[in-house]
Amino acid sequence: MTTIDLGRPVSGDVVELILDDHRRFETLLRDLRDSSTDRDAVRQAFATLHVAHAEAEEKHVYPKLRRKQAVGEHEAEHGKEEHAEGHEALLAVLELKGTDTQAFEDAVEELARVVNHHLTEEELTILNPAREEVGERVRAELGEAFARERNAQVDAGCGSLENVRRIVAEAAREGLLDDED
Ligand SMILES: [Fe+2]
Ligand SMILES: [Fe+2]
């Protein structure tokens, strides 16, 4: 569980709720780079938010945008692959014992690279079509579903080392970690 506030939205436009989390990711990555913070607490908070956010997107947002034909099969599948790569890079950060080592900073650098890439691509290829091609009412319904799943994941302690290991192993089995692009 995390001691850092991750917010607890219950409703809103799904695009705005997703962007709020993307800003939280950026803040947490900055805090992970900062050697004066409690990096162990920050990595746990990051893990919780990363798993909860990705699960909620994959369970509700991507499928709905596919059904509305706002995004194609390729974009949704590519998004899932990038979530898996993010989880893999996150696992490397979580597995390290110390947080004041070169190995930790290298793992944080890789995590930031993978996550920043995904945030950019998702905002360009998934959130823009959601803004342009999906009505306000659907975005609000989707916002509620997204928030509900996200919060349930947080409450279930989704960022535990054990759960992140399980998710990465499953992604590997599904072939989501096969090609790097
Ligand atoms: Fe996202
Ligand atoms: Fe995402």
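Starting from 1, residues in each chain are numbered consecutively following that chain's sequence as written. Chain letters and ligand numbers both follow the written order, the letters beginning at A and the numbers at 1. Local features in this predicted model are restricted to residues of pLDDT 70 or higher, and side-chain atom pairs are both shown and tallied only at a pLDDT of 80 or more, whereas totals for entire chains, interfaces and linings draw on every residue. Neither water nor hydrogens contribute to the side-chain values; these are computed over all heavy atoms in the structure.

1. Comments concerning the coordination of the iron ion (ligand 1)
The test is simple: We call an atom a donor if it is N, O or S and sits within 2.8 Å of the metal, or 3.2 Å for Na, K and Ca. Water is not counted, so some sites may look partial. Think of it this way: with four donors and all angles in the 85 to 135 degree range, the site is tetrahedral; with four or six donors, opposite ones beyond 155 degrees and the rest between 65 and 115, it is square planar or octahedral; otherwise it is irregular. A run of DSSP states H or I qualifies as a helix once it reaches four residues; a run of E qualifies as a strand once it reaches two. Both are numbered from the N-terminal end. A simple rule labels every residue: compare its accessible area, found with a 1.4 Å probe on the protein chains alone, to the largest value its type can have, and call it buried under 20%, exposed over 50%, or partly exposed in between.
Those protein atoms acting as donors to the iron ion (ligand 1) are His22 (NE2), His53 (NE2), Glu57 (OE) and Glu122 (OE), and they sit at 1.9 to 2.2 Å. In this structure, the iron ion (ligand 1) is coordinated by four donor atoms arranged in irregular fashion, with angles at the metal of 76 to 166°. In terms of primary sequence, the donors binding the iron ion (ligand 1) are separated according to H-x30-H-x3-E-x64-E. Separation of the iron ion (ligand 1) from the iron ion (ligand 2) amounts to 3.1 Å, with Glu57 serving as a shared donor to the pair. One end of the pair, Glu57, is in helix H2 (residues 39-67); the other, Glu122, is in helix H4 (residues 102-133), with 65 residues separating them in the sequence. Taken individually, Glu57 and Glu122 each receive the classification buried, so the pair is uniform in this respect.

2. A short note on the UniProt feature "domain: Hemerythrin-like" (unreviewed entry) in the protein chain
Basically, it comes down to this: UniProt positions are given in the numbering used here, feature names are shortened, and annotations may be inferred rather than shown by experiment.
UniProt records the feature "domain: Hemerythrin-like" (unreviewed entry) for residues 14-127 in the present numbering. Helix makes up 86% of residues 14-127 and strand 0%, with an end-to-end C-alpha separation of 9 Å.

3. With respect to the coordination of the iron ion (ligand 2)
Note on the iron ion (ligand 2): its protein donors are Glu57 (OE), His83 (NE2), His118 (NE2) and Glu122 (OE). The metal-donor distances range over 2.1 to 2.2 Å. If you look at the iron ion (ligand 2), its four donor atoms make angles of 83 to 168° with each other, and the shape they trace is irregular. Motif for the iron ion (ligand 2), donor spacing along one chain: E-x25-H-x34-H-x3-E. By relative accessible area, His118 is classed as buried at 8%.

4. Remarks on the packing of helix H1 (residues 14-33) against helix H5 (residues 136-155)
Packed helices, taken two at a time, are described by the angle their axes make and the gap between the axes. To be explicit about the condition: Comment: axis = line fitted to C-alpha atoms, over the contacting stretch for helices; angle = value between 0 and 180 degrees taken between N-to-C directions. Oblique is the label for every angle not falling under 35 degrees (roughly parallel), over 145 degrees (roughly antiparallel), or within 65 to 115 degrees (roughly perpendicular). In what follows, residue pairs with any heavy atoms lying within 4.5 Å of each other are defined as contacts. In this classification, the charged set is Asp, Glu, Lys and Arg, the nonpolar set is Ala, Val, Leu, Ile, Met, Phe, Trp, Tyr, Cys and Pro, and all remaining amino acids, among them Gly, are polar.
Where H1 meets H5, the axes come as close as 7 Å, and the angle between the chain directions of the two elements is 40°. Classified by the interaxial angle, the pair formed by H1 and H5 is oblique. Contacts between H1 and H5 pair Val14, Val15, Leu17, Ile18, Asp21 and Arg24 from the former with Arg139, Leu142, Gly143, Phe146, Ala147 and Arg150 from the latter. Taken together, the residues that form the contact of H1 with H5 break down as seven nonpolar, one polar and four charged.

5. Here's the deal with empty space enclosed by the protein
Defined as follows: Here a cavity denotes grid points, spaced 1 Å and computed from the protein atoms alone, that fit a 1.4 Å probe unable to get out, and a pocket denotes an open set having protein on both sides within 12 Å along at least 5 of 7 lines; residues with an atom within 4 Å of a point are the lining. Grid points are joined across faces, edges and corners, and a volume is the space filled by probe spheres set on the points.
A complete count under the given rule lists one cavity of 30 Å³ or more for this structure. Here the largest cavity defines a volume of roughly 80 Å³. Looking at the largest cavity, the residues that line it are Phe25, His50, His53, Ala54, Glu57, Glu82, His83, Gly86, Val114, Val115, His118 and Leu119. Looking at the lining of the largest cavity, the elements with two or more residues in it are H2, helix H3 (73-95) and H4. Of the residues assigned to the lining of the largest cavity, the class counts are five nonpolar, five polar and two charged.

6. Regarding the pattern of salt bridges
Here is the rule: For this analysis, a salt bridge means a side-chain nitrogen from Lys or Arg found within 4 Å of a carboxyl oxygen belonging to Asp or Glu.
This structure, assessed with the given rule, holds 13 salt bridges. The salt bridge partner of Arg139 is Asp13, with a shortest N-O separation of 2.8 Å. In this pair, Arg139 sits in helix H5 while Asp13 sits in the segment before H1, placing the two residues 126 residues apart along the sequence. According to the relative accessible area criterion, Arg139 is buried, its value standing at 12%. In this structure, Glu110 engages Arg113 in a salt bridge whose closest nitrogen and oxygen atoms are separated by 2.9 Å. Here the residue Glu110 and the residue Arg113 both occupy positions in helix H4, the gap between them amounting to three residues, near one helical turn. In this structure, a network of salt bridges that share partners links the residues Asp21, Arg24 and Arg150.

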